[in-house]
Amino acid sequence: MKISKAIFVKSAGQFKDCKKSNLPEYAFIGRSNVGKSSLINMLCNNNKLAKTSATPGKTQLINFFLINENWQLVDLPGYGYAKKSKALRESFSTLIIDYCIKRENLVCLFVLIDSRLTLQQIDLEFLEWCAKNNIPFSIIYTKADKNSKNELAKNIFAIENSLKKIWDELPNTFISSAEKHVGKEDILEFIHYHNQSFGKLPK
Ligand code: GTP
Ligand code: MG
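Quick caveat, the model's predicted, so the values are computed rather than measured.

(A) The site of ligand 1, seen in detail. Taken together, 21 residues lie around ligand 1, and Ser 38, Gly 57, Lys 58, Thr 59 and Ala 178 are the ones closest in. The separation between an oxygen atom of ligand 1 and a polar main-chain atom of Ala 178 is 2.7 Å. A distance of 3.4 Å is found between an oxygen atom of ligand 1 and a backbone nitrogen or oxygen belonging to Glu 179. Taken by itself ligand 1 offers 650 Å² of open surface, and the protein chains cover 88% of this. Grouping the amino acids of the shell around ligand 1 by side-chain chemistry returns four nonpolar, eleven polar and six charged.

Set out below in structure tokens:
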């Protein structure tokens, strides 16, 4: 699948401001600065679509993008933002929690993990929370261009070993680099596959 049209729809600061939609939706979440907005721009071939920044905490609202006029991408605020108070930094905002739990047309939440690091406590907590709350999610490892091939394989192996301690089965995973356009086809293929069956399965 190719993205031929990507339009910014709106921002929402509270869940009640998220316009109801019957379109299949895919959202990106992860620690501040992990590369959510950059990945959305890479998928859409438009570096100006979602605002990116080297300073963590850039995206504070939920931003909706209409893609090819029939599905939506969502840029969520990051968690674990270092400049927030300790309590806020170590928890997930009501906005994030409400969106993930209540958004009926959410097909998949892509949880982004920095491929250069070991599994961070806050990522582990968020992934466990998703599983406990039956949120459909996949993992995307980001910034793959910043590692050598060996380092990348080693880091992902270590992260997956940590996850195998808590789960019998691992979720779907993707490797990406917004910088080098890695992962685009796999992620768009996954979305395309899910778009096909959206609304067709019995509830
Ligand atoms: P918040 O909105 O603050 O939560 O951040 P975010 O997760 O949306 O991150 P953003 O896309 O703004 O990227 C943060 C920084 O990482 C920017 O300086 C990007 O240029 C850089 N970055 C993002 N993706 C990649 C990547 O794949 N490779 C490299 N080398 N840098 C990246
Ligand atoms: Mg962002």
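What follows continues from the structure just given.
(B) Quick look at the packing of aromatic side chains. Evaluation of the coordinates by the stated rule reveals twelve aromatic pairs. Residues Tyr 26 and Phe 110 carry aromatic rings whose centres are separated by 6.5 Å and whose planes lie at 25° to one another, so their mutual orientation is stacked. Of this pair, Tyr 26 sits in strand β2 (residues 25–30) while Phe 110 sits in strand β5 (residues 106–114), and the two are 84 residues apart along the sequence. Both residues of the pair, Tyr 26 and Phe 110, belong to the buried class. Following the ring pairs from residue to residue traces out a cluster consisting of Tyr 26, Phe 28, Trp 71, Phe 110, Phe 174 and Phe 190.

(C) The sheet that holds strand β1 (residues 6–12), seen in detail. Ordered in space as β1-β3-β4-β2-β5-β6-β7, the seven strands form an open sheet in which the pairing is mixed. In this open sheet, the two edge strands, each paired with only one partner strand, are β1 and β7 (173–175). For this sheet, the mean inter-axis angle between neighbouring strands, taken without regard to orientation, is 25°. Pairing of β1 with strand β3 (residues 62–67), which is carried by six bridges, proceeds in the antiparallel orientation. Across the sheet, the residue bridging to Ala 12 is Ile 62, located in β3.

(D) Geometry of the pattern of salt bridges. In total, this model carries seven salt bridges according to the counting rule given. One salt bridge connects Lys 5 with Glu 69, and the closest N-O pair in it is separated by 2.6 Å. Here Lys 5 is found in the segment before β1, whereas its partner Glu 69 is found in the loop between β3 and β4 (71–75), with 64 residues between them in sequence. Overall, Lys 5 belongs to the partly exposed group, its relative accessible area being 38%. Residue classification places Glu 69 among the exposed residues on the basis of a relative accessible area of 52%. Between Arg 31 and Asp 123 there is a salt bridge whose closest N-O contact spans 3.4 Å. Pair noted here: Arg 31 is in the loop between β2 and α1 (36–44) and Asp 123 is in helix α4 (residues 121–132), with a separation of 92 residues, a long-range link. For Arg 31, a relative accessible area of 19% puts it in the buried group.

The rules behind these values
- Residues numbered from 1 in each chain as written.
- Chains lettered and ligands numbered in written order.
- Predicted model: local features only at pLDDT ≥ 70, side-chain atom pairs only at ≥ 80, totals over all residues.
- Heavy atoms only, no water.
- Near = heavy atom within 4 Å.
- Polar contact = N/O pair within 3.5 Å; in protein donor to acceptor, adjacent residues only side chain to side chain.
- Areas by Shrake-Rupley, 256 points an atom, 1.4 Å probe, with all protein chains shown as cover.
- Nonpolar A, V, L, I, M, F, W, Y, C, P; charged D, E, K, R; others polar.
- Phe/Tyr/Trp six-rings, centres within 6.5 Å; stacked < 30°, edge-to-face > 60°.
- Helix = DSSP H or I, 4+ residues; strand = E, 2+ residues; numbered from the N terminus.
- Buried < 20%, exposed > 50% of the residue type's maximum accessible area, 1.4 Å probe, protein only.
- Pairing = 2+ DSSP bridges.
- Axes fitted to C-alpha atoms, helices over the stretch in contact; angles between N-to-C directions.
- Salt bridge = Lys/Arg side-chain N within 4 Å of Asp/Glu carboxyl O.

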